[in-house]
Amino acid sequence: MIDIEKANAQAVERFMEARPVVTGMGKALDVVPGMHENLLLHAGPPITWDRMAGPMRGSMIGALLFEGRAKSPEEAETLLKSGKFEFSPCHHHGCTGPMAGVISPSMTCYIVENKTHGNKCFSNLNEGRGKVMRMGAYSSEVIDKLHWMESVMAPTLKNALEAAGGIDIRAVLAKALHMGDDGHNRLDAASVLYTAQLAPYIAKTARDTQTAFEIIKFLGENALSILNPVMAACKTMTDAGHNIEGSTIVTVMARNGTDFGIRVSGLGDQWFTAPAPKVKALYFPGFTEEDANPDIGDSTITETAGIGGFAMATAPALVTFIGGAPKDAINTTLDMYEITYAEHKQFTIPFLDFRGTPTGIDVRKVIEKNLPPRVNTGVAHKNPGVGQVGAGVVSAPMKVFEDALVAFAERYGF
Amino acid sequence: MATIKTEIRSGVYYDSAKLMQLQRSLASLPGIQDAGVIMGTESNKELLAHINLVTPEVENAKPDDLVIVVRGEDEKSASAALSKVDELLTARKSGHDQEYQPHSIEAAAEMLPESSWVLVSVAGRYAAGVAREALRLGKHVFLFSDNVPVEEEINLKQKARELGLLVMGPDCGTAMIGGIGLGFANKVRNGPIGVVAAAGTGLQQVTARIHQLGSGITHGIGTGGRDLSEKVGAMTFLQALDVLTRDPDTKVIVLTSKPPSPRVAEEVLKTARKAGKPVVVNFIARALTTLQEDNLYFATGLDDAARLAVDLANNPPKMDDNQNLRLDRFAPGQKYFRGLFSGGTLAYEAQHILANYVPKVWANAPINKEYKMANSMVSQEHSIVDLGEDEFTVGRLHPMMDNELRIRRLFEEAADPEVAVIMLDVVIGYGSHPNPASELAPAVAKAIETAKKAGRHLEVIAVVTGTDEDPQDFNGQIELLKNAGAWVDPSNEVVVRYAGRLLRALADRESSTEEPGGKPVDLTTLKKPLAAINVGLESFAENLIAQAAPTIHVDWKPPAGGNERLMNILERMKKQA
């Protein structure tokens, strides 16, 4: 008979022992396992073009325009419908992508290596806020920015990262949580720390001062600069605890804008999915819930690893998104202790007497308490080409945990 | 006519989320069609342009300017909205200082580690599961929920007994612990009386009357209506009685219940007799055979129970305990009573009283025909022989005048190794033997001596009926018997009850191995200031907080949303663990 407690303890221990470090960068085609010319990766569980949400379709169109495989959005759409391209979840290729999470073959990716267990994960570069491809926008300014990032920023960052000997993401996150970040929706402090660590090496390795100026400015002004490597880092942690026989710990939560999916450590690579919920959000001027696409993105890997919405108590400024008081941030974290297996050894919460963040979602506890994980997230417009319309909080659908529990019971004979 | 109004504030910073919130609040004000609140960056100004909220002021705004634009139905509503900006920016949500409500007893227990009690008032089908969790965490349970199957009740109470915890209920409405009322309870002053009650209103009536009579209570422990049933076997009642027995502050105990199962009632009374303090018993509709029996005081109703308890608390009676019986004098196997009476009515009364102490009393002239001795000449088990009956007086004087037959029978009984107590009645006065003690006392001394030689102690007891003006010298008769080693009293009842206590104690000594198992309830958990966890009716938590008892209310939901299949899986996983 399996020992669930022991298996869960082992899985979560591996989450916490993992030490992800961004070591370098490389073209997706060169570094991402299984990547090929006609493969487009996306956020969340598997999805077909027919069922694909607006922002993800927009992103796919943007990717073909960026890759130079299509000259116009119309041509891109025709190609995408044609079956010429394969769509596959980032999570099937060691990747994570925020929002639509589209990664195409020639995009440069961060390489994040877990120094404890040796596994690697990848993520693309962050474009900043506003009209961005990850939110489904594909206008020429969006594509132009991507080209600048690819041709100017990526090579310099790669050299700078290598010169710096890598950046320890776990250490940056641990510090940022003490500076008011949650590690998902609010990464202001972490992005500044990241920029501050890289800036001297950017200055040293950039081909000229103008390039250094542009890159440091771009990184410094983007409060989400570090989001993508953080996500890859979180995935190295949860991957380290994946495939532990008999464990009920969730190792992936991800959404593709149509479905919300999870994977469970003791249930291999099976996805459990349900319709992605709408986000309870505050909207940018001129937008309402009517405009919002359902929940989308791989960024819930942060909550899966024990930060983000679960560490809300470290980021009281975020509660304004849910229209609440700082007390609500504390309560969100306290709630998440009820459905998690452990308290994080590395990530702590000053306000709660440096208690570790709630870590390792236990499917059993989610069902028992009837309390789904809560996630902080951005909201994309439901139509392709528009972009972000707001930000807020969302609860994972209970069905995915119910299905996982039933599958677990069948698999292990309960 | 729709009017757009703009306000620009330079050099102020607000979190973007705060601005979105302000925008939403402004848009929801009366007469406002749309609102925009942004920092004046180019991309933000574009957003405002999309929704036609652009004014010259907006176009001129710089990136670090706070831009507030509203479009009102008319000038007045637009201005009114802008005047609210400061108020909205500083507004606080109501319920700001409301405590965190955990979702499980476990999380609540971490928040309030000093809590010893969990109040459960969730729907019956979930109640046992919640109560089990409370027990697992080492808490006493006040189980208000009804519709809990009796099998679950038994299971919970067995578990509680093993752990030294109380499960009050199910369907327990009232309890009062250390002056704090749980569930439905009155404000009753603290005092020397402890109450155990099966049902809630009984507890309320008795404790309220105790208060009205000027006294007060230590603890009022509810057990639930089914506790005294045959199936449940008074598990909680007995635990409660035990903990109040051990509580030095409880001077008097009151037991009250609806009609209990007779066997279970006996069990409860057996334990109550060992309390070493007065116990007032009011089992509604149970026929009274006596008003008092040692430390047990039988009340005729709830009010009488309260009155008796207050009287006993105010005028504590001297308690005899089994120490005074000196059971160690008796040899193993000595357990039976033999009454050798000359008076028929005295023999009758002896049968009636002894029936409260021992299961069966045989007699040659029985009250109940079932217990007629097979042979008046040969005693069996507990026997009461009226030697004034016809079978003994044929051709012979009545034993009030002739002691010979009784003395012979005394020696026979004394030789029986199972006999512990022999009772004689000595009736003097006109017409009786002129000096019965002169013959009986030497025989008593001889009987005791014979038993002693055989390694036994024989307790000979005697009632002397007469007055100091009788010709036989009442006091002299008593003196003679006492000197011979007999235990003597002028009251038949007193002598029989003394015998009863002895016999019961001897019987208990033989069966002392069948004590109920489990761990005693830790008295300190009742004595320390009450702190509780509440699952179910929120008003129960509010009532406790109103009594200044620290309480955490759990935001409880049915496990798995009440989905049976998932609940069963979780149960199976727990069992395996």
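The paragraphs below set out a description of the structure included in this document.

What counts and what doesn't
Residues numbered from 1 in each chain as written. Chains lettered and ligands numbered in written order. Predicted model: local features only at pLDDT ≥ 70, side-chain atom pairs only at ≥ 80, totals over all residues. Buried ≥ 20, exposed ≤ 12 C-beta atoms within 10 Å, placed from the backbone. Helix = DSSP H or I, 4+ residues; strand = E, 2+ residues; numbered from the N terminus. Pairing = 2+ DSSP bridges. Contact = placed C-beta atoms within 7 Å. Axes fitted to C-alpha atoms, helices over the stretch in contact; angles between N-to-C directions. Right-handed = clockwise from strand over helix to strand, strands pointing away. Parallel < 35°, antiparallel > 145°, perpendicular 65-115°, else oblique. Left-handed = near helix turned anticlockwise from the far one by under 90°. Nonpolar A, V, L, I, M, F, W, Y, C, P; charged D, E, K, R; others polar.

1. Concerning the pairing of strand β14 (residues 374-380) of chain A
Residues and elements named next belong to chain A.
1) Next: For β14, the tally of buried residues reaches 7 of 7 residues, placing the bulk of the element in the interior.
2) Next: Note that β14 and strand β15 (residues 388-395) share 7 bridges and pair antiparallel. Bridging from a neighbouring strand, T377 pairs with G392 of β15.

2. A word on the sheet that holds strand β5 (residues 120-123) of chain A
Residues and elements named next belong to chain A.
1) Next: Pairing in this open sheet of 4 strands is antiparallel, and the strands run β5-β4-β1-β6 from one edge to the other. At either end of the open sheet lies a strand with only one pairing partner, and these are β5 and β6 (167-168).
2) Next: In this structure, strand β1 (residues 20-27) lies alongside β6, joined through 2 bridges in antiparallel fashion. Looking at β6, one finds that V21 is bridged to D168.
3) Next: On the sheet, helix α9 (residues 227-240) packs against β1, β4 (108-114) and β5 and is oriented at approximately 150° with respect to β5.

3. Some remarks on the environment of T201 of chain B
All names here are of chain B.
1) Next: As for its placement among the helices and strands, T201 is situated in helix α9 (residues 200-212).
2) Next: A residue is classified by how many C-beta atoms lie within 10 Å of it, and T201, with 12 of them, is exposed.
3) Next: Counting along the chain gives 29 residues from T201 to C172, while the straight-line C-alpha distance between them is 9.7 Å.

4. Some details on the pairing of strand β21 (residues 532-535) of chain B
Walk down a regular strand and you will see the side chains alternate between the two sheet faces.
Residues and elements named next belong to chain B.
1) Next: The two faces of β21 match: A532 and N534 on one face and I533 and V535 on the other face are all buried.
2) Next: Pairing between strand β4 (residues 117-120) and β21: 4 bridges, direction parallel. Pairing of V118 across the sheet is with I533, part of β21.
3) Next: Each parallel crossover has a hand, and the one from β21 via helix α20 (residues 538-546) to strand β22 (residues 551-554) is right-handed.

5. Examining the packing of helix α3 (residues 54-67) of chain A against helix α5 (residues 140-164) of chain A
All names here are of chain A.
1) Next: Two elements in contact, α3 and α5, have axes separated by 10 Å at closest approach and are oriented at 55°. As summarised for this structure, α3 and α5 are arranged oblique, according to the angle between their axes. The way α3 lies across α5 gives a crossing that is right-handed. Residues G62, L65 and F66 of α3 form the contact with α5, whose participating residues are V142, I143 and L146.
2) Next: Looking at the contact of α3 with α5, its residues break down into 5 nonpolar, 1 polar and no charged.

6. Side note on the environment of V54 of chain B
All names here are of chain B.
1) Next: Within the element layout of this structure, V54 appears in the loop between α2 (42-50) and α3 (56-60).
2) Next: When the C-alpha atoms of V54 and V70 are compared, they prove to be 10.0 Å apart, with 16 residues separating the residues in sequence.
3) Next: Each residue touching V54, except ones within four places of it in the same chain, is listed here: L48, A49 and E59.

7. A word on unusual backbone geometry
Residues apart from glycine generally show negative phi values, whereas peptide bonds are mostly found in trans.
1) Next: For the peptide bond that leads from G169 of chain B to P170 of chain B, omega is 5°, which places it in the cis range.
2) Next: Within the secondary structure layout, P170 of chain B lies in the loop between β6 (167-168) and β7 (174-177).
3) Next: Despite not being glycine, M99 of chain A shows a phi value in the positive range, around 50°.
4) Next: Relative to the helices and strands, M99 of chain A is located in the loop between β3 (86-89) and β4.
5) Next: Unlike most non-glycine residues, A548 of chain B shows phi in positive territory, near 65°.
6) Next: Given 10 C-beta atoms within a 10 Å radius, A548 of chain B is considered exposed.

Worth remembering: the numbers are spatial, not functional.
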